[in-house]
Amino acid sequence: KKRILQRIPMAWYFEGMGHAMAQRYENALEAYNKALTGYRELGKTKDEADVLVGIASVKNYLCEFEESRNRYFQALVLAKQIGNAKKQMEILREIWSIGNSTGDMKLVRSTSASMDSLINVTEDADLRFSYFCQKGDEAKSKGQFLLAEKWYIKGKELAESRRNP
């Protein structure tokens, strides 16, 4: 019975994803909210964070940026609670993107600082490498080629250290 109860929110979650991909956003929100309730009742924090990210994404598509940002922040709190650095970075990137697209430079700066702090404490080499490349790409797109080079070199050094321990 417990296995069946755990699968019900999962079914709602996947239904929400399907609706979101088909751009039926109101249906997606309805399914996601049912999944959210189920995961909260089961105490499934990781899954709850995933659903909140889904809701935030839909709110973003609906141009409800403040609500989207709020849902991302709720998911971020949960990702921090469970110590999931990849999920934290994924969420921070989405929050950064909202700030960038809405011109909220304070949000962009604070999110960038949070990403920098996360990278400095995580031991996840893949996450660090991806972040260094992202920062290099950002600098390059702004014409800051020396800064881009520094980020790319950090990524190269990390990759080489993993290849030759």
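Calculation notes
- Residues numbered from 1 in each chain as written.
- Predicted model: local features only at pLDDT ≥ 70, side-chain atom pairs only at ≥ 80, totals over all residues.
- Heavy atoms only, no water.
- Phe/Tyr/Trp six-rings, centres within 6.5 Å; stacked < 30°, edge-to-face > 60°.
- Helix = DSSP H or I, 4+ residues; strand = E, 2+ residues; numbered from the N terminus.
- Buried < 20%, exposed > 50% of the residue type's maximum accessible area, 1.4 Å probe, protein only.
- Salt bridge = Lys/Arg side-chain N within 4 Å of Asp/Glu carboxyl O.
- Core = buried A, V, L, I, M, F, W, Y, C linked by side-chain atoms within 4.5 Å.
- Contact = heavy atoms within 4.5 Å.

Asker: Describe the packing of aromatic side chains, and please don't skip the residues or the numbers.
Answerer: According to the stated counting rule, one finds five aromatic pairs in the structure shown. Centroid distance Tyr25 to Tyr61: 5.6 Å. Interplanar angle 10°. Geometry classified as stacked. In this pair, Tyr25 sits in helix H2 (residues 25–42) while Tyr61 sits in helix H3 (residues 45–61), placing the two residues 36 residues apart along the sequence. A residue is classified by how much of its surface remains accessible, and Tyr61, at 56% relative accessible area, is exposed. Seen in terms of ring centroids, Phe132 and Trp151 are 5.9 Å apart; in terms of plane orientation they differ by 35°. Their pairing is tilted. Of this pair, Phe132 sits in helix H7 (residues 125–141) while Trp151 sits in helix H8 (residues 145–163), placing them 19 residues apart in sequence. With respect to burial, Phe132 and Trp151 carry one shared label: buried. Pairwise contacts between aromatic rings join Tyr13, Phe14 and Tyr32 into one cluster.

Asker: For the pattern of salt bridges, give the residues involved together with the corresponding values.
Answerer: Should the charged atoms of two oppositely charged side chains come close, the side chains can pair. Evaluated as defined, the whole model comprises nine salt bridges. With a closest N to O distance of 2.7 Å, Lys87 and Asp50 form a salt bridge. You can see Lys87 sitting in helix H5 (residues 85–102) and its partner Asp50 sitting in helix H3, a full 37 residues away along the chain. Asp50 shares its class with Lys87; the two are buried. One salt bridge connects Glu67 with Arg71, and the closest N-O pair in it is separated by 3.1 Å. Of this pair, Glu67 and Arg71 both sit in helix H4 (residues 65–82), four residues apart, which is roughly one turn of the helix. Among the residues examined, Glu67 registers a relative accessible area of 29% and is labelled partly exposed. Classification of Arg71 by relative accessible area gives buried; the value is 16%. Here the salt bridges share partners, and the residues they tie into one network are Lys46, Asp50, Lys87 and Glu90.

Asker: Just give me the short version of the nonpolar core, but keep the residues and values in it.
Answerer: Core analysis: the biggest nonpolar cluster contains 39 residues, and Tyr32, Val51, Val58, Tyr72, Met89, Ile91 and Tyr131 have the highest contact counts within it. For this core, the secondary structure elements donating two or more residues are helix H1 (2–21), H2, H3, H4, H5, helix H6 (105–121), H7 and H8. Sequence-distant contacts of Val51, defined by excluding residues within four places in its chain, comprise Tyr13, Tyr32, Ala35, Leu36 and Tyr39.

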